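# Overview (structure and organization)
Take a look at the letters that make up each chain.
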Amino acid sequence: MTTVRDVTYDLLRARGLTTIFGNPGSNELPFLSGLPTDFRYILGLHEGAVLSMADGYSLVTGDTTLINLHAASGSGNAMGALTNSVYSHSPLVVTAGQQVRSTIGQEVMLSNVDAGSLMKPLVKWSSEPTCAEDVPRTMSQAITMAALPAKGPVYVSIPYDDWAADAPTETARLLERDVHSAAALSGEQISSLVGLLESAANPVLVLGPAVDADHANDDAVRLAEKLRVPVWIAPSPCRCPFPTRHPSFRGVLPAGVRDLSSALSGHDLILVVGAPVFRYHQHLPGRYLPEGARLIQVTDDPGEAARAPIGEAFVAPIGNTLAVLASIVEPSDRLPLPQLADFKEPESAGPGLDPEHLFALVRAAAPDDAIYVNESTSTADAFWSQMALAHQGSYYFPASGGLGFGLPAAVGAQLGCPQRQVIGLIGDGSANYGITALWTAARYRIPVVIIILKNGTYGALRGFSKILNTGDTPGLDVPGIDFVNIAQGYGVRGTAVASAADFVTAFKSALAAEVPTLIEVHTHFEKP
Ligand SMILES: Cc1ncc(Cn2c(C)c(CCOP(=O)(O)OP(=O)(O)O)sc2=O)c(N)n1
Ligand SMILES: [Ca+2]
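Residues numbered from 1 in each chain as written. Chains lettered and ligands numbered in written order. Predicted model: local features only at pLDDT ≥ 70, side-chain atom pairs only at ≥ 80, totals over all residues. Heavy atoms only, no water.

### Description of the overall build of the protein chain
Broken down by element type, the protein chain carries 19 helices and 18 strands. Scaling as 2.2 N^0.38, a compact globule of 528 residues should have a C-alpha radius of gyration of about 24 Å, and the protein chain matches this with 24 Å. If one aligns the C-alpha atoms of the protein chain with their principal axes, the spans along those axes are about 70 × 60 × 45 Å. Residues counted as buried form 56% of the 528 residues belonging to the protein chain. For the protein chain, long-range pairs separated by at least 24 residues make up 76% of all intrachain contacts whose partners lie at least 6 apart in sequence. With an accessible surface of roughly 20,900 Å², the protein chain has 54% of that area assigned to carbon and sulfur atoms. For the protein chain, the distance from the average site of its 34 positive side-chain charges to the average site of its 51 negative ones is 3 Å. (Helix = DSSP H or I, 4+ residues; strand = E, 2+ residues; numbered from the N terminus. Rg over C-alpha atoms; globule rule 2.2 N^0.38 Å. Buried < 20%, exposed > 50% of the residue type's maximum accessible area, 1.4 Å probe, protein only. Contact = heavy atoms within 4.5 Å. Areas by Shrake-Rupley, 256 points an atom, 1.4 Å probe, with all protein chains shown as cover. Lys, Arg positive; Asp, Glu negative; His and termini not counted. Charge placed at Lys NZ, Arg CZ, Asp CG, Glu CD.)

In structure tokens:
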């Protein structure tokens, strides 16, 4: 007789979920026992790292990705990482082993009490099947929900005695299922958008992560070039939707209401594509928009459209909308935008490097199509002022600022995209939240390059203490961490550098290596 486990593995195979990121407990063993040979299991040592590795993998591949965690304790450890995945719309299927079905109510050891509620609101859908026979259909629903727009993580808790139960014969029909999502702006809606863009005196494009997620970067460039308009990246970006050396590129919008509004002053039409309106961060109240500006938002997430405080929104596929607009909008007779100024070539007063200087050295030596996973929270301005990102899928940042994403996501991204070099730019504070992913990188020989920016402090919080005028609070410094020895303890080759020449030597060696490498760079939080 075919078991629930057999049908579930057939379903996972049919939908392409044959890589499992996990950390097991006893509840998971009946699912993992006799893992089919065409599946691979990637072990992480902490569930936060497991989740973020899977997130990095799903972001670069675009694949719906399977995670298997241990009951409530493992699921709970992963929740911090899920705060990012839910906003980066990562299609993750998070599964957890549950105690034997008949004992859950007694709350025996390893029971995941009220499992269906545990992960809300950090997942778009969550369930514990009501009986063993419904496990395959529930898994089918979970995989489909994760992948349908707006994509996002889902959670399924499965009692471990369900796997051996007989599967109803009809569950085999799940393997034939396919679910298509269509919808697009109507001809009338497109015409109204085109009319607004062509009649605006000074329009501006604001692009968000969904443009990059939908591989619509080139159509965004075509639209910007036809309209001859400036292009900003929406605030708090977790991806890069537009080439940063293009003449239209103006940078990342500030994440405060007041400053964002002034950055857009003078524009009468603001077209926001693929971003929430907006992911503000610093609380700097003011007018949402400059005088006389009209905001139009195109998003594939009904929630983003519904919760925006301003503007008119269209819920539609991002790639299709940009492609249609770029093809039918008339070329503008505005003057072409001038080339961007050359990069400043910064220096540092040693020992140690200024972040701008470090990023200039990275840019000079890294491959043109490198993928950057950034979690160095006080150096964002320096990064955007020095990097030349030209390709789709070149940049990832924790979508909710939940630390512990960066280092594991870099490992997962490198596993998912072996053809491009992945470079993690990780603060010496952030590194500690996902440090165990170094072991996974060494264990599976994943050749990621991890650059630790060691300024000895929680730099972003020092910045916030100035904005919030909170003075010198406790808990802001992280001096003396030895990432080289930590890395070597997890099996990763590490080097510490404090000069430009030494960094370039170590970086070029790391880029040529076929194993993971960590470089600890002494950086300045403030210019010496
Ligand atoms: C899981 C988690 N814990 C704590 C924080 C709070 N936090 C913390 C602790 C930051 C400092 C990070 O320091 P870093 O060394 O990684 O980078 P910088 O020195 O460049 O800021 S930024 C920030 O929002 C967080 N965002 N996420
Ligand atoms: Ca730091």
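### Comments concerning the domain arrangement of the protein chain
Examined at the domain level, the protein chain breaks down into domain 1 (4–176), domain 2 (187–328) and domain 3 (355–522). Spacing between the C-alpha centres of domain 2 and domain 3 amounts to 29 Å. Every contact between the two is made by 17 residues of domain 2 and, on the other side, 14 residues of domain 3. Both sides together, the interface formed by domain 2 and domain 3 hides about 1,300 Å², and carbon and sulfur atoms give 60% of it. By the criterion of area lost to domain 3, the three top residues of domain 2 are C238, C240 and T244, representing 30% of everything that side buries. Our count for the contact surface shared by domain 2 and domain 3 stands at 0 salt bridges. The interface formed by domain 2 and domain 3 contains 9 residue pairs in polar contact (both at pLDDT 80 or more). (Domains from an automatic or database assignment. Buried area = accessible area lost by both parts, 1.4 Å probe. Salt bridge = Lys/Arg side-chain N within 4 Å of Asp/Glu carboxyl O. Polar contact = N/O pair within 3.5 Å; in protein donor to acceptor, adjacent residues only side chain to side chain.)

### A word on the confidence of the model for the protein chain
When pLDDT is averaged across the protein chain, the result is 96; 100% of the residues are at 70 or more. Both confidence scores are given for the complex: pTM 0.95, ipTM 0.99. (pLDDT = per-residue confidence, 0-100.)

### So, the packing of aromatic side chains
Scanning the entire structure with this criterion turns up 12 aromatic pairs. Between Y9 and F31, the ring centres sit 4.9 Å apart and the planes meet at 5°, which makes this aromatic pair stacked. In this pair, Y9 is assigned in helix α1 (residues 4–14) and F31 in helix α2 (residues 29–32), connecting sequence segments 22 residues apart. For Y9, a relative accessible area of 2% corresponds to the buried category. Judged by centre distance (5.9 Å) and plane angle (70°), the ring pair of F278 and Y280 falls under edge-to-face. Here Y280 falls in the partly exposed class, since its relative accessible area comes to 24%. Aromatic ring contacts, followed pair by pair, group F359, Y372, F383, W384 and Y395 into a single cluster. Over the face of the ring belonging to F343 we find R363, whose NZ or CZ atom lies 3.7 Å from the ring centre. Over the face of the ring belonging to Y444 we find R443, whose NZ or CZ atom lies 5.0 Å from the ring centre. (Phe/Tyr/Trp six-rings, centres within 6.5 Å; stacked < 30°, edge-to-face > 60°. Lys NZ or Arg CZ within 6 Å of the ring centre and 35° of its normal.)

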